[in-house]
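Listed below, chain by chain, are the residues.
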Amino acid sequence: MILTVDVGNTRIKSAVFENDTLVEVMVFPHENFFGTIENILKKFQNITVLAVASVGKLDVEAFKSFSDRVKIHFITRENAFPFLNQYATPQTLGIDRMVLAAGAVLQFPGQNRLIIDAGTCVTYDFVDENDVYHGGAISPGTRLRYESMHNYTAKLPLLTLEDPGSLIGNSTGQSMHSGVINGLAFEIDGYIDALQSENENFIIILTGGDANFLAKRLKNTIFANSNFLLESLNNLYLYQNRK
Ligand SMILES: Nc1ncnc2c1ncn2[C@@H]1O[C@H](COP(=O)(O)OP(=O)(O)O)[C@@H](O)[C@H]1O
Ligand SMILES: CC(C)(COP(=O)(O)O)[C@@H](O)C(=O)NCCC(=O)O
Ligand SMILES: [K+]
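Rules behind the numbers
Residues numbered from 1 in each chain as written. Chains lettered and ligands numbered in written order. Predicted model: local features only at pLDDT ≥ 70, side-chain atom pairs only at ≥ 80, totals over all residues. Heavy atoms only, no water. Helix = DSSP H or I, 4+ residues; strand = E, 2+ residues; numbered from the N terminus. Rg over C-alpha atoms; globule rule 2.2 N^0.38 Å. Buried < 20%, exposed > 50% of the residue type's maximum accessible area, 1.4 Å probe, protein only. Contact = heavy atoms within 4.5 Å. Areas by Shrake-Rupley, 256 points an atom, 1.4 Å probe, with all protein chains shown as cover. Lys, Arg positive; Asp, Glu negative; His and termini not counted. Charge placed at Lys NZ, Arg CZ, Asp CG, Glu CD. Polar contact = N/O pair within 3.5 Å; in protein donor to acceptor, adjacent residues only side chain to side chain. Near = heavy atom within 4 Å. Nonpolar A, V, L, I, M, F, W, Y, C, P; charged D, E, K, R; others polar. Domains from an automatic or database assignment. Pairing = 2+ DSSP bridges. Donors = N, O, S within 2.8 Å, 3.2 Å for Na, K, Ca; no water. 1 Å grid on protein atoms, 1.4 Å probe; cavity = no way out; pocket = protein on both sides within 12 Å on 5 of 7 lines; lining within 4 Å. Sits in = over half its atoms within 2 Å of the grid points.

Here's the deal with the overall build of the chain
So, step 1. What the chain contains, in helices and strands, is 6 helices and 10 strands.
So, step 2. Computed over its C-alpha atoms, the radius of gyration of the chain comes to 19 Å, within 12% of the 18 Å expected for a compact globule of 243 residues.
So, step 3. Structurally, the chain occupies a C-alpha span of about 60 × 45 × 30 Å along its principal axes.
So, step 4. Expressed as a percentage of the 243 residues in the chain, the buried residues total 47%.
So, step 5. Long-range contacts, defined here as pairs at least 24 residues apart, represent 51% of the contacts in the chain between residues at least 6 apart.
So, step 6. For the chain, the accessible area works out to roughly 11900 Å², and carbon and sulfur atoms hold 52% of it.
So, step 7. Averaging the positions of the 19 positive and the 26 negative side-chain charges in the chain gives two centres separated by 5 Å.

Structure follows, in C-alpha cells:
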C-alpha cells in the first residue's frame, strides 16, 4: 500500500492506495501532522511507501522520522516527469502544479488538458496533446478573497464561504459572497472560454478544496474530482518507480 501526502498551503490531504484503488482519504491541518501520519501508519500496517508532494510548507526532513518504517518518496523538480516542461522559470514552478500536470498526462493520454485547482490559490495548468507543459495562471482562492477584503478595508467583515443566493447581493454580506463566488465562477468560465477560442478541444479537470462547491456554479459542465492531486501523486509514484 502507498500513502500519498499532499502538503498544501492550507491543509494536508492524504490517501491510502492499493495499486490503482483509493482506499481512504484523510484531510487534516498542519498542526500535529506528525501524530496524524503516525496514526495512519498504525491503522494501515501494509503501507510500505510514503509519497509526498509539498508546496513548500514542509520539507523532506519532517518526514525522515518515518523512514525506519516506510520508504519515503519525496517529489522534487529533479524527478522524472511525463511531460516536457516549457515554463520559463521551471525552478519556481509549484510542485503541486507539476504533480497535477503529470497526473493529467498519465490519466488522459494524447489529449490537450487544462487542470484547475481551486485551493488556497486557484491554479490553471495547460498540458498539450504532445505532453508539453506550458504554464497557466495563478489567482487568489476563495478564502484569500474573503480575508483580503477584510484585512485591507475598514468596514468589511471576515466572512466564510457561503452560497451567494443571487447575483445581486442585497446586503454587505450577500454582496461580498456574490463578489467572491460569482466572481471566481465567472473567472473560471471566462478562462475556459478564452482558451477554447485559441485552442482545439481540451479536457478539463477541476480539483482542490473548493472544486465541488464551484462546479455547480459554472456555466461549463465540469466534473469535479477533489482527489485528483492524490490520484496523480499515486500515478506519478508508480511512473517514477516503473521497471
Ligand atoms: N475544512 C476546511 N478547512 C479549510 N478549508 C476548507 C475546508 N473545507 C473546504 N475548504 C476550502 O478549501 C480551500 C483550500 O483548498 P485546499 O485544496 O485544501 O488548499 P491547499 O491545497 O492550498 O492546502 C479553501 O479556500 C476553503 O474554501
Ligand atoms: C501557486 C501555489 C501557491 C498554489 O498552491 P496551493 O493553492 O495549491 O496551496 C503553488 O503552486 C506555488 O507556490 N507555486 C509557485 C509559483 C509557480 O507555480 O509559478
Ligand atoms: K491550487
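Some points on the environment of Asn112
So, step 1. On the secondary structure map, Asn112 appears in the loop between helix H2 (95–107) and strand S7 (113–118).
So, step 2. The exposure class assigned to Asn112 is buried, which follows from its relative accessible area of 8%.
So, step 3. Once the C-alpha coordinates of Asn112 and Glu18 are considered, the two residues, 94 residues apart in sequence, prove to be 29 Å apart.
So, step 4. Of the polar contacts made by the side chain of Asn112, one reaches the backbone oxygen of Asn201; its length is 3.0 Å.

Topic: helix H1 (residues 33–43)
So, step 1. Within the sequence span of H1, burial applies to Phe33, Gly35, Ile37, Ile40 and Leu41.
So, step 2. On its buried side, H1 packs onto strand S1 (2–7), strand S2 (12–18), strand S3 (21–28) and strand S4 (49–54).

Here we look at the site of ligand 1
So, step 1. Around ligand 1, the neighbouring residues are Gly8, Asn9, Thr10, Arg11, Lys13, Gly119, Thr120, Thr142, Arg143, Gly208, Gly209 and Asp210.
So, step 2. Within the side chain of Thr120, a nitrogen or oxygen atom sits 2.4 Å from an oxygen atom of ligand 1.
So, step 3. The fraction of the free accessible surface of ligand 1 (570 Å²) that becomes covered by protein chains is 71%.
So, step 4. Grouping the amino acids of the shell around ligand 1 by side-chain chemistry returns no nonpolar, 8 polar and 4 charged.
So, step 5. For the shell around ligand 1, the domains that each give at least three residues are domain 1 (2–74) and domain 2 (84–233).

Focus on the pairing of S2
So, step 1. In terms of residue burial, S2 counts as a mostly covered element, since 6 of its 7 residues are buried.
So, step 2. Looking at chain direction, S1 and S2 are connected through 6 bridges and run antiparallel. By the bridge assignment for S2, Val5 is matched with Ser14.
So, step 3. Taking the residues between adjacent antiparallel strands as the criterion, S1 and S2 are bridged by 4 residues.
So, step 4. One ladder, built from 7 bridges, connects S2 with S3; its direction is antiparallel. Within S3, the residue paired with Ile12 across the bridge is Phe28.
So, step 5. As consecutive antiparallel partners, S2 and S3 are separated by 2 residues, and within that stretch Asn19 has a phi angle of approximately 50°, a positive value.

Thoughts on the coordination of the potassium ion (ligand 3)
So, step 1. Bound to the potassium ion (ligand 3) on the protein side are Asp117 (O) and Cys121 (O), at distances that span 2.9 to 3.2 Å.
So, step 2. When its relative accessible area of 9% is taken as the criterion, Asp117 is described as buried.
So, step 3. Residue Cys121 is classed as partly exposed on the basis of its relative accessible area, which comes to 32%.

Comments concerning the site of ligand 2
So, step 1. What surrounds ligand 2 is the set Asn9, Val55, Tyr87, Thr92, Leu93, Gly94, Asp96, Arg97, Thr120, Cys121, Thr123 and Ile138.
So, step 2. At 3.5 Å, a backbone N or O of Thr92 approaches an oxygen atom of ligand 2.
So, step 3. For ligand 2, an oxygen atom lies 3.3 Å from a polar atom in the backbone of Thr120.
So, step 4. Within the complex, 80% of the 470 Å² of free accessible area of ligand 2 lies under protein.
So, step 5. Here ligand 2 is seated within the largest pocket.
So, step 6. Among the elements of the structure, H2 and strand S8 (121–127) are those that each provide at least two residues to the shell around ligand 2.
So, step 7. Considering only residue class, the shell around ligand 2 consists of 5 nonpolar, 5 polar and 2 charged.

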